[in-house]
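Chain and residue survey
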Amino acid sequence: QYKGVARFSSQDLMLPHIKAKSKENVIEAIGQHCASAGFVEDGAAFVKLLLKREALITTSVGSGIAFPHARGIRACGLTLAVGTVKPGIKENGESLSIFFVSAVPMQTSIFYIELISKLANYFSKPENRKKILECSKPEEMWKIMVQIGK
């Protein structure tokens, strides 16, 4: 039984070095992967909600990190997928390189706030961002994620 951030994710949802030319391409790749891995029921609907939310206002929080999310989605529970992009995607003068994509079913909203808080705190440190960006395999990323919020 995992604790902390790992309760809401899986090694299957770690996506190092996504090849994409835009933030939207990254979000689409991660969203579709969540569905193909069996964590989200309808990949197309999930991606549509993610992009709709992102169009309202960016989920970028600085330091190269973005938190795209879709609320009210049919998923097996609160789900977190992590993708990295090297080099980063340019947006508003910033280079986005770490994407934490979440499916947030209605009943899990309170856990989502806790999850984002732990991720933001951990990855506010440059050395932690560097560690995850250097990962080339899902299992390397997963080793980092299971340590957050234990």
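Residues numbered from 1 in each chain as written. Predicted model: local features only at pLDDT ≥ 70, side-chain atom pairs only at ≥ 80, totals over all residues. Heavy atoms only, no water.

Concerning the packing of helix α1 (residues 23–36) against helix α2 (residues 43–56)
Basically, it comes down to this: Interaxial angles span 0 to 180 degrees and are taken between N-to-C directions of axes, which are lines fitted to C-alpha atoms, for helices over the stretch in contact. Here a helix means four or more residues in a row that DSSP labels H or I, a strand means two or more in a row labelled E, and each is numbered from the N terminus. Put simply, a crossing is left-handed when the front helix is turned counterclockwise from the back one by less than a right angle, and right-handed when it is turned clockwise. Residues count as neighbours in contact if any of their non-hydrogen atoms are within 4.5 Å of one another. Note on residue classes: Ala, Val, Leu, Ile, Met, Phe, Trp, Tyr, Cys and Pro are nonpolar, Asp, Glu, Lys and Arg are charged, and everything else, Gly too, is polar.
It is the contact of α1 with α2, at a shortest axis distance of 8 Å, that shows an interaxial angle of 145°. Every pair of crossing elements has a handedness; the one defined by α1 and α2 is right-handed. Along the contact surface, α1 presents K23, E24, I27, E28, G31, Q32, C34 and A35, while α2 presents G43, A44, F46, V47, L50, L51 and E54. Here the contact of α1 with α2 is composed, by residue class, of eight nonpolar, three polar and four charged.

Some words on the nonpolar core
Here is the rule we go by: Nonpolar core, defined: a set of buried Ala, Val, Leu, Ile, Met, Phe, Trp, Tyr and Cys residues in which side-chain atoms within 4.5 Å join the residues together. Residue exposure (1.4 Å probe, protein chains only): buried if accessible area is under 20% of the type maximum, exposed if over 50%, otherwise partly exposed.
I30, F46, F100, L119, F123 and M145 are the most contacted members of the largest nonpolar core, which totals 48 residues. The biggest single contributor to this core is strand β6 (residues 94–104), with seven residues. Here F46 is in contact with G31, C34, V40, A70, I73, V101, S102 and A103, once residues within four sequence places are set aside.

Focus: unusual backbone geometry
Trans is the common state for peptide bonds, and a negative phi is the common state for residues other than glycine. Of the consecutive residues K86 and P87, the connecting peptide bond is found in the cis state with omega at -10°. Topologically, P87 is positioned in strand β5 (residues 79–91). Here H17, not a glycine, exhibits a phi torsion of approximately 55°, which is positive. Within the fold, H17 resides in the loop between β1 (14–15) and α1. Phi at S63 is positive, roughly 60°, even though this residue is not glycine. Here S63 shows up in the loop between β2 (60–62) and β3 (65–66).

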